[in-house]
Structure formats: structure tokens, C-alpha cells
Amino acid sequence: MDIYYFTQERVEERDFLKYKKEIDRFNKLSDSELLIKYADLKSKYETKINILTLIAISVAMSLMTGLFGELVNLVYKTVKITLNNKNDERELVIIASIIIGITILFIIIIVFLSLVNYFNSIRKNQKLIIILDNILHKRKIYEK
């Protein structure tokens, strides 16, 4: 792998080659296979968008109901206990706070990476739908 692998020109070149492969693959399909593939991709895409909407609404509702506030309150109480107790208990509370913090950070990272993967999957489906849409239009099987 050379230094130019990550340049915009090379990225576009690789994307174009992927695009050409997909077009060639879809052009080899019969009209009925193409329609089935289109319907399958379209339904997967719509399902993913609906799930994403549900996740967004759930996150918004949990934030509004104070789930995040309760988490902050827990950390505040932990710090308060730490400052008021003896050294032995203070160390235990500090360790517990660190474990809670690391766990929360780990969960946030996993959720973030999952969302990135999910968005990439939606984007890929959308590209394939556009390619199929164009092929169907060229074959005059389906009018937009």
C-alpha cells in the first residue's frame, strides 16, 4: 500500500471500480431477478431507516425523561460519598467510580461504532438502489 492509497483521487477511483462491478453484476440479471433484487434492497433500506428513526426517538425520550440526569446524579453522589468518608472507603468508592466511568465510556464507544456501521450499511443500500433504479429505467421495466 502506497502513500497515495488514501488520496481523494484514489478513493474515487476505487469507488468507481466498485460501482462498475455492481453495474456489471446487475446487468447480468434478468428483468425479473432485477425487480426482485430491487424490491429486496428497497425493503431492507426502508426497514433500516425505520429502525434508525425508532432508535433516535428512544434516545430522545430517554434523555428527556432524565436517564442522563440520573447518571450524573449517581456520579455526583459517588463523589460526595468519597469526600465524606474515611480513606479505606474512599479508595473503594474511587475504584467503583472509575469502573462505572470506564463502563459508560465503553458503552458509548460501542454504540457509536455500531451507529457508524449502521449508517454505512444504509448508505451502501441506498447506492445499490440508485444503481438498480437506473438500470430498471434504462431497460424501461420501471418508470420513475
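I will try to describe carefully the structure that is included in this document. (Residues numbered from 1 in each chain as written. Predicted model: local features only at pLDDT ≥ 70, side-chain atom pairs only at ≥ 80, totals over all residues. Heavy atoms only, no water.)

**Considering the overall build of the chain**
Quick note on the threshold: The secondary structure listing takes helices from DSSP runs of H or I that are at least 4 residues long and strands from runs of E that are at least 2 residues long, numbered from the N terminus. Remark: exposure states derive from per-residue accessible area (1.4 Å probe, protein chains only) relative to the maximum for the residue type, with buried under 20%, exposed over 50%, and partly exposed in between. It only takes one pair of heavy atoms within 4.5 Å for two residues to be counted as in contact.
A count of helices and strands for the chain gives 4 helices and 0 strands. From first element to last, N terminus to C terminus, the chain shows the α and β order α-α-α-α. Out of the 144 residues in the chain, the part that is buried amounts to 14%. Long-range contacts, defined as pairs at least 24 residues apart, comprise 71% of the intrachain contacts of the chain with a sequence gap of at least 6.

**Some points on the side chain of N125**
Mapped onto the fold, N125 is located in helix α4 (residues 87-138). Of the residues examined, N125 reaches a relative accessible area of 8% and is grouped as buried. Those residues in contact with N125 that lie beyond four places of it in its chain are L41, K44, Y45 and K48.

**Notes on the nonpolar core**
For clarity, the cut-off: As used in this record, nonpolar core signifies buried Ala, Val, Leu, Ile, Met, Phe, Trp, Tyr and Cys residues forming a set joined through side-chain atoms within 4.5 Å.
Core analysis: the largest hydrophobic core is formed by 15 residues, its most contacted members being F26, L34 and L132. Where this core is concerned, the elements lending two or more residues are α1 (8-27), α2 (31-64) and α4. Broken down by element, the residue count for this core peaks at 8 residues, all from α4. Beyond its immediate chain neighbours, meaning those up to four positions away, L132 contacts F26, L34, K37, Y38 and L41.

**Considerations on the pattern of salt bridges**
Operational definition: In what follows, salt bridge is the name for a side-chain nitrogen of Lys or Arg lying within 4 Å of a carboxyl oxygen of Asp or Glu.
Enumeration over the complete set of coordinates arrives at 3 salt bridges. Note that R25 is salt-bridged to E22, the shortest N-O span being 2.6 Å. Of this pair, R25 and E22 are both found in helix α1, 3 residues apart, which corresponds to roughly one turn of the helix.

**Describing a positive patch on the surface**
Stated formally: To count toward a patch, a residue needs a relative accessible area over 30% and no salt bridge; like charges are then connected within 9 Å, while nonpolar side chains (Val, Leu, Ile, Met, Phe, Trp, Tyr) are connected within 5 Å. What sets the accessible areas is the Shrake-Rupley method with a 1.4 Å probe; for residues, cover comes only from the shown protein chains. Charge counting treats Lys and Arg as positive and Asp and Glu as negative, with His and both chain ends excluded. Charged side chains are reduced to one point each, which is NZ for Lys, CZ for Arg, CG for Asp and CD for Glu.
Residues K18, K21, R123, K124 and K127 make up a contiguous surface patch of positive charge. When residues in the positive patch are grouped by element, the largest group, 3 residues, is from α4. Overall, the relative accessible area of 46% leaves R123 in the partly exposed class.

**Topic: a negative patch on the surface**
Taken together, the side chains of E9, E12, E13 and D15 define an acidic patch exposed on the protein surface. When you line up the elements, E12 lands in helix α1. Looking at E12, the relative accessible area reads 45%, which means it is partly exposed.

**Details of the environment of R139**
Convention followed: We define a polar contact as two N or O atoms separated by no more than 3.5 Å, with the added condition that, inside protein, one atom must be a possible hydrogen donor and the other a possible acceptor, whereas residues neighbouring each other in sequence contribute only through side-chain atom pairs.
Its place among the elements puts R139 in the segment after α4. Take R139: its relative accessible area is 27%, and that puts it in the partly exposed class. As a C-alpha pair, R139 and N27 span 112 residues in sequence and 9.8 Å in three-dimensional space. Excluding residues within four positions of it along the chain, R139 makes contact with F26, N27, L29, S30, D31 and L34. Side-chain polar atoms of R139 contact the side chain of D31, separated by 2.8 Å.

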